[in-house]
Amino acid sequence: MLISDPATPLIGTFVYGMVFQHKELVKGYAKTHGGGWFHKDDDKKVMTLYGCSGDYGEPDFRFLDRIPSELKGYTFVYAPDWGDAEHELDLSDVEWF
C-alpha cells in the first residue's frame, strides 16, 4: 500500500504487512495511493507486488518515494495479477527510512 502523510501529500511511503484489511496498516489519517498484495522472497531478495486493493484501487507507483530500510537490497517487481509478466520498479530515487 502506498500512503502519504497529510503534511507531505506528494511523498508516498510503501507500507506492508499481514492484515485482514488495508486500513489496518495505517494509524490515523493518510492519503492512499492504492494497494494490493505482496510476496516477499527473502532467499532471492525479491518483493513482488501484484493486484490491487478493493478499497483503494491499483497502486500508483509515482508515489513510491520511501521504503522501509529492512527492504534495502530487494528488487521490487509488479504484476497486475499473480503469474502475469512482472515489471521491475525503478528504485533509484527512493528514500530508505
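Heads up: the structure comes first, above all this text.
Keep in mind the model is a prediction, meaning the values are calculated, not measured. (Residues numbered from 1 in each chain as written. Predicted model: local features only at pLDDT ≥ 70, side-chain atom pairs only at ≥ 80, totals over all residues. Heavy atoms only, no water.)

Quick notes on the pairing of strand β4 (residues 37–41)
Phase 1: Bridge count between β4 and strand β5 (residues 46–50): 5 bridges; the pairing is antiparallel. Among the inter-strand pairings, Lys40 is bridged to a residue of β5, identified as Met47.
Phase 2: In textbook terms, the turn of a hairpin is the stretch between consecutive antiparallel strands, and for β4 and β5 this stretch comprises 4 residues, one of which, Lys45, has a positive phi near 55 degrees. (Pairing = 2+ DSSP bridges. Helix = DSSP H or I, 4+ residues; strand = E, 2+ residues; numbered from the N terminus.)

Overview of the nonpolar core
Phase 1: Of all hydrophobic cores here, the largest spans 13 residues; its most connected members are Phe14, Leu49, Leu64, Ile67, Leu71 and Phe76.
Phase 2: Going through the elements one at a time, β5 and β7 (75–79) are the ones with two or more residues in this core.
Phase 3: Setting aside residues no more than four positions away along its own chain, Leu49 makes contact with Phe14, Trp37, Phe38, Phe61, Phe76, Val77, Tyr78, Ala79 and Leu89.
Phase 4: Counting residues in hydrophobic clusters, the runner-up holds 6 residues, among them Ile3, Val15, Leu25 and Ala30. (Core = buried A, V, L, I, M, F, W, Y, C linked by side-chain atoms within 4.5 Å. Buried < 20%, exposed > 50% of the residue type's maximum accessible area, 1.4 Å probe, protein only. Contact = heavy atoms within 4.5 Å.)

Focus on the packing of aromatic side chains
Phase 1: Inspection of every chain in the model, using the stated rule, returns 5 aromatic pairs.
Phase 2: With a centroid separation of 5.3 Å and 85 degrees between ring planes, the pair formed by Tyr16 and Phe38 is classed as edge-to-face. One end of the pair, Tyr16, is in the loop between β2 (13–14) and β3 (31–32); the other, Phe38, is in strand β4, with 22 residues separating them in the sequence.
Phase 3: On the accessibility criterion, Tyr16 (22% relative accessible area) is partly exposed. (Phe/Tyr/Trp six-rings, centres within 6.5 Å; stacked < 30°, edge-to-face > 60°.)

Remarks on the pairing of β7
Phase 1: Burial analysis of β7 places 4 of its 5 residues in the buried class, which makes it a mostly covered element.
Phase 2: Across 5 bridges, β5 lies against β7 in parallel orientation. What sits directly across from Tyr50, in β7, is Ala79.
Phase 3: Looking at chain direction, β7 and strand β8 (residues 87–88) are connected through 2 bridges and run antiparallel. Residue pairing in the sheet places Tyr78 in a bridge with His87 of β8.

Thoughts on unusual backbone geometry
Phase 1: One non-glycine residue, Lys45, adopts positive backbone phi at about 55 degrees.
Phase 2: Within the fold, Lys45 resides in the loop between β4 and β5.

As for the side chain of Ser4
Phase 1: Along the chain, Ser4 turns up in strand β1 (residues 2–4).
Phase 2: Only 2.9 Å separates the side chain of Ser4 from the backbone oxygen of Ile11, close enough to count as a polar contact.
Phase 3: Those residues in contact with Ser4 that lie beyond four places of it in its chain are Pro9, Ile11, Gly12, Ala30, Lys31, His33 and Phe63. (Polar contact = N/O pair within 3.5 Å; in protein donor to acceptor, adjacent residues only side chain to side chain.)

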